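So the chains spell out like this:
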Amino acid sequence: MQVRSSVGAVCALVIALTGCQSASGGGGAGKDGRLGERASASPATARPSGYGAVFLGVDECSSFGRTSFTEVPCTSERAAARVVARHDGTMKSGPPCPGTTDFVLHISEQRPSSDEDGDGAVPRGYACMRNLQPPHPGDPGGGGGPRTIVGDCVYRLDDGKVRETACDGDGKHAPDFKVTKAVDARSECPASTALYIRLGGERPVGCARPV
């Protein structure tokens, strides 16, 4: 299977999150709407399912790299991470990534001479990525990812804010608190709660206890 080069310049960014600023959300998002194969395409020329219909569409894979990367078949030895959700626009205005997203690739709008679907444009958007192999920093307690979720741990900064760190203590900072519950309002947190963390989403308040 041939590897297709990335279309246009693409930039990537791993979101550095703080517990008080992280976006929340529910479970994994369903597949985004994707373009099907053109009716006029013959079996010999039709693109394989899950690769090439939309640049970094759901269930497609990217190569290694966060600032320079390409879309590659998920069976390729160059494949590093799979798209678990894909949205147009920016993260600030769009839906949050699924809770166990490991990192986010931000796709700059480009208008190359040729592109993945032939319309002459690659729209601005972002792809929520999950590593094909461990580690998974987006997992609960993993110490990373673009969101803080139940099961994650945080440490306190000098200015009173918090940032996520690994619960097992293997990170650069030892954990101070662990998020044990996500609720609608602070009044719903258990009595053992020592810190409230803004998660956003349907249950925007994280109840954290000392560790």
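Residues numbered from 1 in each chain as written. Predicted model: local features only at pLDDT ≥ 70, side-chain atom pairs only at ≥ 80, totals over all residues. Heavy atoms only, no water.

S.K.: Even after reading the chapter, I still don't get the sheet that holds strand 2 (residues 71-72), so can you show me in this structure?
M.R.: Backbone-to-backbone hydrogen bonds pair the strands of a sheet. The strands run either parallel or antiparallel. Taken in spatial order, the five strands make up an open sheet running 2-1-3-5-4, and their pairing is antiparallel. What marks the edges here is a single partner per strand, and that holds for strand 2 and strand 4 (103-107). As judged from the five bridges shared by strand 4 and strand 5 (residues 125-131), these two strands associate in the antiparallel manner. Considered in strand 5, the bridge of leucine 105 is made with alanine 127. (Pairing = 2+ DSSP bridges. Helix = DSSP H or I, 4+ residues; strand = E, 2+ residues; numbered from the N terminus.)

S.K.: Help me out: how do you make sense of the sheet that holds strand 6 (residues 153-156) in this one?
M.R.: Across the sheet, which stays open at both edges, the five strands sit in the order 7-6-8-10-9 with antiparallel pairing between neighbours. Only two strands of the sheet have a single neighbouring strand rather than two, namely strand 7 (162-165) and strand 9 (195-198). Taking each pair of neighbouring strands and ignoring which way they run, the sheet shows an average axis angle of 45°. With four bridges joining them, strand 6 and strand 7 adopt antiparallel strand pairing. Across the sheet, the residue bridging to cysteine 153 is threonine 165, located in strand 7. (Axes fitted to C-alpha atoms, helices over the stretch in contact; angles between N-to-C directions.)

S.K.: I tried to follow the pairing of strand 4 on my own but got confused; where do I start?
M.R.: Walk down a regular strand and you will see the side chains alternate between the two sheet faces. Counted residue by residue, strand 4 has five buried out of five residues, so it is predominantly covered. Of the two faces of strand 4, both are covered, the one formed by Phe103, Leu105 and Ile107 as well as the one formed by Val104 and His106. (Buried < 20%, exposed > 50% of the residue type's maximum accessible area, 1.4 Å probe, protein only.)

S.K.: When you look at the pattern of salt bridges in this model, what are you seeing that I'm missing?
M.R.: On inspection of all chains with the given rule, the structure shows three salt bridges. With its nearest N and O atoms 3.6 Å apart, the salt bridge here joins aspartate 88 to arginine 86. Measuring nitrogen to oxygen at the nearest pair gives 2.6 Å for the salt bridge that ties arginine 130 to aspartate 139. Salt bridges sharing partners connect three or more residues here, namely Asp102, Arg130 and Asp139. (Salt bridge = Lys/Arg side-chain N within 4 Å of Asp/Glu carboxyl O.)

S.K.: Explanation requested: the state of the cysteines in the structure shown.
M.R.: One covalent bond between the sulfur atoms of two cysteine residues makes up a disulfide. Across all of its chains, the model carries four disulfides by this definition. Disulfide pairing is shown between cysteine 61 and cysteine 74; the S-S distance is 2.0 Å. An S-S torsion of about 100° defines the bridge between cysteine 61 and cysteine 74 as right-handed. Within this pair, whereas cysteine 61 is found in strand 1 (residues 61-63), its partner cysteine 74 is found in the loop between strand 2 and strand 3 (79-88), the two being separated by 13 residues in sequence. Note on cysteine connectivity: cysteine 189 is disulfide-linked to cysteine 207, with sulfurs 2.0 Å apart. Residues cysteine 189 and cysteine 207 share a disulfide whose torsion about the S-S bond is about -80°; that sign makes it left-handed. Here the residue cysteine 189 occupies a position in the loop between strand 8 (177-183) and strand 9, and cysteine 207 occupies one in strand 10 (residues 205-210), the gap between them amounting to 18 residues. Across the pair, exposure class does not vary: cysteine 189 and cysteine 207 are buried alike. In the protein chain, the bonded cysteines, numbered by position in the sequence, are linked as 1-2, 3-4, 5-6, 7-8. (Disulfide = S-S within 2.5 Å.)

S.K.: I keep staring at the confidence of the model for the protein chain and nothing clicks. Help me out?
M.R.: One rule of thumb: low pLDDT means the predicted coordinates there are not for detailed reading. On average, residues of the protein chain carry a pLDDT of 76, and 68% of them reach 70 or more. pLDDT under 50 marks residues 1-51. Its contacts with residues more than four places away, or in other chains, come to 136 contacts. Segment residues 111-118 is flagged for pLDDT under 50; beyond a separation of four residues in sequence, or across chains, it makes 25 contacts in the model. (pLDDT = per-residue confidence, 0-100. Contact = heavy atoms within 4.5 Å.)

S.K.: Explain the environment of glycine 138 here, please?
M.R.: Along the chain, the position of glycine 138 falls in the loop between strand 5 and strand 6. Between the alpha carbons of glycine 138 and proline 98 there is a distance of 9.3 Å; along the sequence they are 40 residues apart. Non-local contacts of glycine 138, meaning those with residues more than four positions away in its chain, are made with Gly99, Thr100, Thr101, Asp102, Gly144, Gly145 and Ile149.

S.K.: I would appreciate a short explanation of unusual backbone geometry in the present structure.
M.R.: In terms of backbone geometry, most residues other than glycine have negative phi values and most peptide bonds are trans. In this chain, proline 134 is followed by proline 135 through a cis amide linkage whose omega measures 10°. Its identity is not glycine, yet leucine 56 carries a phi of approximately 50°, on the positive side. Relative to the assigned elements, leucine 56 resides in the segment before strand 1. Located in the positive-phi region is aspartate 59, a residue other than glycine, with phi close to 80°. Within the secondary structure layout, aspartate 59 lies in the segment before strand 1. Judged by its relative accessible area of 29%, aspartate 59 falls in the partly exposed class.

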